[in-house]
Amino acid sequence: MVPSNLKTDCREFRWDRPCKPHKVRGRTCADCPEYAPVRRRILVVKLAAIGDVLRTTALLPAIHARYPDARVTWLTQPGAVPLFDRNPLVDEVLAYDSAITAARLRVETFDVVLCPDADPDAAVLAAAAQGEDHRGFLMNSQGAVVPISDGARAWFEMGLSDADKTANRETYQTLVARVLDLDPATVGRPVLEPSATDIAAATKWRASLDCDRPLVGLNTGAGGRWAYKQWTEDNQIEFLRLATARGLGVVLLGGPEESERHRSLLAAAPSQPVFDAGTDNSFHRFAALVDLCDALVTGDTFALHVGCAREKPIVALFGPTSSAEIELYGQGEKIEPPGFDCLCCYLPRCDRVPHCQAAIDAETVVAAVERLLAATG
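Numbering of residues starts from 1 in each chain and follows the order in which that chain's sequence is written. In view of the model being predicted, local features appear only for residues whose pLDDT reaches at least 70, and side-chain atom pairs are presented and counted only at 80 or more, with totals across whole chains, interfaces and linings using the full set of residues. Note: side-chain values were computed over all heavy atoms of the structure, leaving out hydrogens and water.

A.B. asks: Is there a simple way to think about the side chain of His-134 in this case?
C.D. replies: Strands here mean DSSP runs of E at least two residues long; helices mean DSSP runs of H or I at least four residues long; both are numbered from the N terminus. Turning to its location among the elements, His-134 is positioned in strand 5 (residues 130–139). Buried, partly exposed and exposed residues are distinguished by accessible area as a fraction of the type maximum, computed with a 1.4 Å probe on protein chains only: under 20%, between the cut-offs, and over 50%, respectively. Using a relative accessible area of 17% as the deciding quantity, one classes His-134 as buried. As used in this structure description, the phrase polar contact means that two N or O atoms lie within 3.5 Å; if the pair is within protein, one of them must be able to donate a hydrogen and the other to accept it, and residues adjacent in sequence are counted only when both atoms belong to side chains. Looking at His-134, its side chain comes within polar contact range of the main-chain oxygen of Ala-129, at 3.3 Å. Not counting chain neighbours up to four residues away, the residues in contact with His-134 comprise Val-113, Ala-126, Ala-129 and Ile-148. Residue contacts are defined here by distance: any two heavy atoms, one from each residue, within 4.5 Å place the two residues in contact.

A.B. asks: Before we go on, may I ask you to explain the pattern of salt bridges in this structure?
C.D. replies: Two side chains with opposite charge may pair up if their charged atoms get near one another. We define a salt bridge as a side-chain nitrogen of Lys or Arg found within 4 Å of a carboxyl oxygen belonging to Asp or Glu. Using the criterion set out here, one finds 26 salt bridges in the structure. Close ionic contact of Glu-34 with Arg-27 constitutes a salt bridge, the shortest N to O distance being 2.8 Å. Here Glu-333 ties to Arg-371 by a salt bridge, and the two come within 2.8 Å at their closest N and O atoms. Remark: Arg-371 occurs in helix 14 (residues 362–376) and Glu-333 occurs in strand 12 (residues 332–335); sequence separation between them is 38 residues. Classification of Arg-371 by relative accessible area gives partly exposed; the value is 44%. Through salt bridges with shared partners, a single network forms among Arg-41, Arg-71, Glu-92, Arg-104 and Glu-108.

A.B. asks: Sorry if this is basic, but what is going on with helix 11 (residues 259–268) here?
C.D. replies: Along an α-helix, a turn takes 3.6 residues, which lines up residues three or four apart on a common side. Of the positions making up helix 11, those classed as buried are Arg-261, His-262 and Leu-265. Around the axis of helix 11, the buried residues are gathered within 100° of arc, so they sit on the same side. Along helix 11, exposed side chains directed more than 90 degrees from the buried face belong to Arg-263 and Ala-267. Considering only its buried residues, helix 11 is in contact with helix 10 (233–245), strand 8 (249–253) and strand 9 (274–276). The reported arc concerns the directions from the helix axis to the C-beta atoms and nothing else.

A.B. asks: How should the pairing of strand 1 (residues 40–45) be read in this particular structure?
C.D. replies: Looking along a regular strand, one sees the side chains alternate between the two faces of the sheet. As paired strands, strand 1 and strand 2 (residues 70–76) are joined by six bridges and run parallel to one another. Counted as the bridge partner of Ile-42 is Val-72 from strand 2. Summarising the sheet, strand 1 and strand 4 (residues 109–115) pair through three bridges and their orientation is parallel. Each bridged residue has a counterpart across the sheet, and for Ile-42 the counterpart in strand 4 is Val-112. For two strands to be treated as a pair, DSSP must find no fewer than two bridges joining them.

None of this, on its own, says anything about what the molecule does.
Right, dumping it as structure tokens:
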């Protein structure tokens, strides 16, 4: 039996160690002024790509507005778990491939299970979770993914129709808020909080550049699923030439897949204020590096959602994915190539020459950067 003087329903309570108020401020459970009882237990099941998981954290303020005093557990893919370090709106993160997670889903009961995706893997995990109320999607006994609200049905049907996807003019955040029966007006920004160590390291790196120009972050990659979400190397080289000629410094931002691209870009801009921020940064170190930039140029990818989380002015380049679904929070410009009737195709590759990203010229992007800098400077 748990001792009666322990308030096990408190958000800060830890079963296997002293809680933070006790360790930091010497509080005792019986008379703790920081006692915060949990009224609802919420499970969010969101797997998908890292960037997609990050942008879905924008729903967290809406979840807490709908369910005050909730304890939020987020079930996700293993690679996304570190995203939630220092996220004050999530109490616990579970990786879907863990045996402990499987056991937890058999034992633990949640008040509400939220699954925003029609992805079969997410839907079966949501169905396996014991919850008094389910919102979004579930898998039924025949292995079918079932939308369980009007908003979920609308999102489900849009995902199966190229025409509906192209015609849509609402943001992902608005659409998915309806999937989960949340108020779209209470949705916030994505949440990604770099540590003090990451901020200090990024600040030290910035000081080492000896560059007093405004810095523009150029995100050089776009993940592997849609090849034409990535701006072409030729366009990136021309962007470096134009941006540096107009008094800007450029920071190259990318992941391990962009290492060779960064070497090529640096070789194409010798003696210019173009700086490689590295391609092996953690999520939070990457966010700290984005913080250093006065503006960010990126495709529809992880860096875009990092920029939104860190409140950066963003020039976002689109081709095969929906520009309408992307929320820039009033701090950016969206650029699509002119003359294409096939945008928002969601094709991994196509045979059109030039393809959509190749048709976005560097002059247009630099001009957008200059407008944003003038507006925010």
